[in-house]
Amino acid sequence: MAQAAVDRLLDELAGAWNAGDARAYGALFSPDVTFTNTDGSVDLGRDEVVRHADEAFRGVLAGTTISLAVRKLRLIRPDVAVADLSLRITGLPVPSGTSDAPAGEMRASLLLVLVEEDGRWQITAHHNVAQSAAH
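Residues numbered from 1 in each chain as written. Predicted model: local features only at pLDDT ≥ 70, side-chain atom pairs only at ≥ 80, totals over all residues. Heavy atoms only, no water.

Can you walk me through helix 3 (residues 46-58) in this structure?
Since there are 3.6 residues in each turn of an α-helix, residues three or four apart along the chain are aligned in direction. Counted at 1.5 Å a residue, the expected span for helix 3 with its 13 residues is 18 Å, and the 18 Å between its end C-alpha atoms agrees. Where helix 3 is concerned, the buried positions are Val-49, Val-50, Ala-53, Ala-56 and Phe-57. Along helix 3, the residues classed as buried sweep out an arc of 135° about the axis, all on the same side. Within helix 3, the exposed residues directed more than 90 degrees away from the buried face are Asp-47 and Arg-58. For helix 3, the elements touching its buried residues are helix 1 (2-19), helix 2 (22-26), strand 1 (29-36) and strand 2 (42-44). (Helix = DSSP H or I, 4+ residues; strand = E, 2+ residues; numbered from the N terminus. Expected span 1.5 Å × (residues − 1). Buried < 20%, exposed > 50% of the residue type's maximum accessible area, 1.4 Å probe, protein only. Arc of directions from axis to C-beta. Contact = heavy atoms within 4.5 Å.)

Printed below as a string of structure tokens:
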């Protein structure tokens, strides 16, 4: 059951990103989320995630798409899961800066801590690290 719920959450996450919808994207995070990005910047709380996503979706991430693939999902407790994901962003306006990735593409390892409250899974911690296409 947790696997299906997490799959739905990831589908919603990718759908919101691909639509450039910062509010829908942010709604998938808990109010007190800790969000660490590939550049090491940290957003504390859903409001910061929404604000920065909105800026990015109107700026450098405008028109980009993401795809997510689960490498490993661990259910820590019935209401807590850790998802280890491969993330791929395409449509970037400039080369990714990683030596092996095609121009306009970035790949990252994404670790999410997910919690279920009131029958709804949310992301409470987000940490992603850029990687080369070879990984």
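Next comes the rest of the write-up.
Whenever I open this one, the environment of Leu-10 confuses me. Can you help?
Looking at the element boundaries, Leu-10 is found in helix 1. Each C-alpha atom of the pair Leu-10 and Leu-28 lies 9.2 Å from the other, and the pair is 18 residues apart in sequence. The contacts of Leu-10, once residues within four sequence positions are left out, are Leu-68, Val-70, Leu-85 and Leu-112.

Would you mind going over the packing of aromatic side chains with me for this structure?
Each aromatic ring pair is specified by the distance between its two centres and by the angle formed by the two planes. Applying the stated criterion to the full structure yields five aromatic pairs. Taken together, a centroid distance of 5.9 Å and an interplanar angle of 70° make the contact between Trp-17 and Tyr-25 edge-to-face. A relative accessible area of 10% places Trp-17 in the buried class. A relative accessible area of 4% places Tyr-25 in the buried class. Ring centres of Tyr-25 and Phe-29 lie 5.3 Å apart, and the angle between their planes is 55°; this geometry places the pair in the tilted category. By the ring-pair criterion, three or more aromatic residues cluster together here, those being Trp-17, Tyr-25, Phe-29, Phe-35 and Phe-57. (Phe/Tyr/Trp six-rings, centres within 6.5 Å; stacked < 30°, edge-to-face > 60°.)

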